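Examining the three-dimensional arrangement
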Amino acid sequence: MKPCATLASRLPYSVAMLFNSPRSLTTVLVLAVLTTSAIAAHAQPPDRAMSKLDARLAASVRAGDSTTQRVIIRTTSSDTRALTNALEGNGHSVLRRHSIINALTARVPVSALAGLSRLPFVQSISTDAVVIADQTSPGDSTLRGTLGLPVQAPAGNRVGVAVIDSGLEAGPEFGDRIIGFYDFTRGGSAASPTDDYGHGTHVAGLIAGSGDLSSGKRYRGVAPKARIVALKVLDRNGAGTTSDVISAIEFVTENKDRLGVDIINLSLGHPIYEPAATDPLVQAVEAAVRAGIVVVVSAGNYGVSSITGLPGYAGVLSPANAPSAITVGSVKAFETNTRSDDRVAPYSSRGPTWYDGGAKPDLVAPGHGLVAAAAKSSSLYTDNPSLRVGDAYLRLSGTSMAAGVVSGTVALILEASRAAYPTSSLAPNAVKGILQYTSLPVRDEGGVAYDYLTQGAGSVNPAGAIELASRIDPSTPLGSWWLTSRVDEWTLIEGESLPWAQTVSWGDALSEGPALYYNELAWTQNIIWGSNIVWGNNIIWGSNIIWGSNVVWDDNIIWGSSLIGTSDGTSVSWETLAGLAESIGSVLISP
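These lines cover the structure that appears in this document, whether it is placed above or below.

Summing up its helical and strand segments, the chain has 18 helices and 27 strands in all. The buried share of the chain, taken over its 591 residues, is 61%. Put simply, 76% of the contacts in the chain that link residues at least 6 apart link residues at least 24 apart. Accessible surface for the chain amounts to roughly 21,200 Å². Of this, 51% is attributable to carbon and sulfur atoms.

On the basis of which strands lie adjacent, the open sheet formed by three strands has the order β21-β22-β23 and antiparallel pairing. What marks the edges here is a single partner per strand, and that holds for β21 (505-506) and β23 (540-544). In this structure, β21 lies alongside strand β22 (residues 509-512), joined through two bridges in antiparallel fashion. Counterpart to W506 in the pairing with β22 is A509.

Summed over the entire model, instances satisfying the criterion amount to 13 aromatic pairs. An angle of 75° between the planes, with centres 6.4 Å apart, marks the rings of Y437 and W500 as edge-to-face. Of this pair, Y437 sits in helix α15 (residues 428-438) while W500 sits in the loop between β20 (496-499) and β21, placing them 63 residues apart in sequence. For the pair shown, Y437 and W500 are each scored as buried. In this structure an aromatic cluster arises from ring pairing among Y437, W481, W500, Y517 and Y518. The cationic tip of R350 hangs over the ring face of Y313; the distance from NZ or CZ to the ring centre is 5.7 Å. It is R388 that lies over the ring of Y381; its NZ or CZ is 4.5 Å from the centre.

Axis separation between helix α5 (residues 55-62) and helix α7 (residues 110-117) bottoms out at 9 Å; the angle between their running directions is 115°. By the angle between their axes, α5 is roughly perpendicular relative to α7. The crossing of α5 and α7 is left-handed. In this structure, α5 contributes L57, S60 and V61 to the contact, and α7 contributes V110, L113 and A114.

For the rest of this paragraph, the subject is helix α17 (residues 462-469). With six of its eight residues buried, α17 lies for the most part within the structure. Listed in full, the buried residues belonging to α17 are P462, G464, A465, I466, L468 and A469. Contacts from the buried residues of α17 go to α14 (399-420), α15 and β19 (490-493).

Regular strands show a simple pattern: their side chains alternate between the two faces of the sheet. Counting buried positions along strand β6 (residues 160-165) yields six of six residues, so the element is predominantly enclosed. Burial along β6 is two-sided: the face carrying G160, A162 and I164 and the face carrying V161, V163 and D165 are both buried. In this structure, β6 lies alongside strand β9 (residues 227-232), joined through six bridges in parallel fashion. Each residue of the ladder has a partner; that of V163, found in β9, is A230. Sheet analysis places β6 next to strand β11 (residues 263-266), joined by three bridges and oriented parallel. If you follow V161 over to β11, its bridge partner there is I263.

Time to look at the packing of helix α10 (residues 242-254) against helix α12 (residues 280-290). Helix-helix packing: each pair is described by the crossing angle between the helix axes and the interaxial distance. The N-to-C vectors of α10 and α12 enclose an angle of 10°; their axes lie 10 Å apart at closest approach. With respect to α12, the axis of α10 lies roughly parallel. On the side of α10, the interface is formed by T242, V245, I246, I249 and T253, while α12 contributes P280, L281, A284, V285, A287 and A288.

Looking now at the environment of S397. Position of S397 relative to the elements: it lies in the loop between β18 (393-396) and α14. Distance in space between the C-alpha atoms of S397 and H368 is 4.2 Å, their sequence separation being 29 residues. Among the polar contacts made by the side chain of S397, one reaches the side chain of H368 at a distance of 3.5 Å. A distance of 2.6 Å separates a polar side-chain atom of S397 from the backbone nitrogen of G369.

Another aspect to go through is the nonpolar core. The biggest cluster of nonpolar side chains holds 80 residues, and the ones touching the most others in it are I326, V410, L468 and W523. Here the element with the most residues in this core is α14; it accounts for 11 residues. Once you skip the residues sitting within four places of it in the chain, I326 turns out to touch V294, V295, V296, V297, D362, L363, V406, V410, V431, K432 and L435. In terms of nonpolar packing, the next biggest core, distinct from the first, is built from 36 residues, Y182, V233, I264 and A284 among them.

Here we take up the pattern of salt bridges. All told, the structure shown has 12 salt bridges when counted by the stated rule. The partner of D128 in a salt bridge is R70, with the nearest N and O atoms 2.9 Å apart. With D128 in the loop between β4 (122-127) and β5 (130-133) and R70 in strand β1 (residues 68-75), this pair connects stretches of sequence that are 58 residues apart. By relative accessible area, D128 is classed as buried at 6%. For R70, a relative accessible area of 22% puts it in the partly exposed group. Notably, a salt bridge pairs D257 with K256, separated by 3.2 Å at the nearest N-O pair. Taken together, the salt bridges that share partners define one network made up of K360, D362 and K432.

This part covers the pairing of β18. Of the two faces of β18, both are covered, the one formed by Y393 and R395 as well as the one formed by L394 and L396. As judged from the four bridges shared by strand β16 (residues 370-373) and β18, these two strands associate in the antiparallel manner. The residue of β18 that forms the bridge with V371 is R395. Here strand β17 (residues 388-389) runs beside β18; their pairing, made up of two bridges, is antiparallel. Within β18, the residue paired with V389 across the bridge is Y393. Between β17 and β18, which pair antiparallel one after the other, the connecting turn spans three residues, and G390 there sits at a positive phi close to 65°.

Here is what the cut-offs are and how they apply
- The residue count restarts for each chain, going from 1 along the sequence in the order it is written.
- Under the rules for a predicted model, residues below a pLDDT of 70 receive no local features and side-chain atom pairs below 80 are neither given nor counted, while totals for whole chains, interfaces and linings still include all residues.
- Here the side-chain values reflect all heavy atoms present in the structure, with hydrogen atoms and water set aside.
- Helix numbering and strand numbering both begin at the N terminus, where a helix is a DSSP run of H or I of at least 4 residues and a strand a DSSP run of E of at least 2.
- Three exposure classes are used, based on accessible area relative to the maximum for each residue type with a 1.4 Å probe and protein chains only: buried under 20%, partly exposed in between, and exposed over 50%.
- Whether two residues touch is decided by their heavy atoms; if any such pair falls within 4.5 Å, the residues are in contact.
- All accessibility values rest on the Shrake-Rupley procedure with a 1.4 Å probe; residue burial counts only the protein chains present in the view.
- Only strands joined by at least two bridges in the DSSP assignment are considered to pair.
- Two rings from Phe, Tyr or Trp (for Trp, the six-membered ring) form a pair when their centres are within 6.5 Å of each other. A pair whose planes differ by under 30 degrees is stacked, one over 60 is edge-to-face, and the rest are tilted.
- Criterion for a charge above a ring: Arg CZ or Lys NZ at most 6 Å from the ring centre, at most 35 degrees from the ring normal.
- For helices, the fitted axis covers only the stretch in contact; all axes are lines through C-alpha atoms, and the angles between them, taken along N-to-C directions, range from 0 to 180 degrees.
- An angle below 35 degrees is read as roughly parallel, one above 145 as roughly antiparallel, one from 65 to 115 as roughly perpendicular, and any other as oblique.
- Throughout, a crossing is termed right-handed when the near helix is turned clockwise from the far one, and left-handed when it is turned anticlockwise from it by less than a right angle.
- Side-chain atoms alone can form a polar contact between residues adjacent in sequence; in general such a contact is a pair of N or O atoms within 3.5 Å, and within protein one must be able to donate a hydrogen while the other accepts it.
- Definition used in this section: a nonpolar core is a set of buried Ala, Val, Leu, Ile, Met, Phe, Trp, Tyr and Cys residues joined via side-chain atoms within 4.5 Å.
- A pair is scored as a salt bridge if a Lys or Arg side-chain nitrogen falls within 4 Å of a carboxyl oxygen belonging to Asp or Glu.

Distances and angles like these do not, on their own, reveal function.
Structure representation (structure tokens):
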């Protein structure tokens, strides 16, 4: 206890007395930090402490901001409760606890953030930013036709999808397949389904709408027999908070077996303020994947600078930068079923990810001008008559919609796998690998394939993914060939024989060879996508994704006319985040 006595001697008497109380050392340290700055020099060096703050909070501290902010504080596992007691004891509100990532959400003065960040048990402090849903309106598309799916089957039977969004309006499109509704704008309580904004109902309709209110079921979703759990995190204006999203992810993860949830759809995101390793929303996603849930996330709608109108890279949002998430960009299908005329939507966010330089998106999917179920009492429906299709549907565009298409595809993959191998199941990484390997490369108007940071492996191919999944036996021992029969590495859509991409990314490298034909450690649970693992001799990993020959970077990365990063040919060094954050805005944006 000698160090404590020495420290106490430097503090005001009221604070020093705390060291003689029965409170935990964690509580004492936090109270001291919140009362005086004298402790700052005794905890950690200033540069290390400031590195725990995300870019937005660090800027507020440097500017001497006198306001109080909502923040998410991640700690070591044993100190969250003590931190809670200390903050509340000093009059600061603790709003949420997030055990899935050992964190809490609180209101804290900016003036106290530097001191809190110097505490050794505090791992990171992040902005609890506002979340906003964002979508556009043009176009129309025959979704199941362009996906190569028949009208009636497959349907995602007995697969559960958690849609974390603005809610869900019950009706004939979903029937009795809504198995739970929880309102996290009101603490996560169970409630009757409602959607006062309309974004969540549309996304859910793309995933699992029956199409019963459309002629010939034209607007049927990808997996129309899948079950939906809706978790409301956005209000009638499409706004919410990061901490509500984390709470919803945590709830689904802890109750996945009771609710029967296999997939989480996150058609939302925010500007990246910090590395993925400290981003609380990213870490919540990674925890869900480790629990065996496939998490699908929209990449963002920032492929074009709002200032210059020019294309740009590094617009991927958080949590789309989560390594193990399936990150989805948007494709324009131009109202045809053929794939040869498809183009990546200019607004679709490109990689690499901010700070980490990760290769994203993982793939793209139809997301432009898609028609799906409308929440008729929602603000999107009532305020935008031009978006209506008949009296039961809306037409929207964005990577939000593309993510819904991929979540529906994942439901079909899991259904096919379980039908073929009922005693075993595919892990999330295997599902992601199947989606990439069977995807169909997209080309621009000149016939040149889009680079990997624009389209990932290619455009989603449900028919091919179902075929491959039904031939992979998950019970096969590690290191063994797990295909049960031969597959044709092409898919026939509208008379066109389309070759699969036959590539899988792992970190910043692309596979060369049948990466999905062996049961490798990479395809098991609890492996972070892109981590350093030992591969079998049957897989050769080839060119670097980011700096490969298919992407021309020169010496820098350009967003419109602004330089946002530099490269030495093997790695990327980012400029400050301020430029991008200001161009996107300081709020969370849902693609």
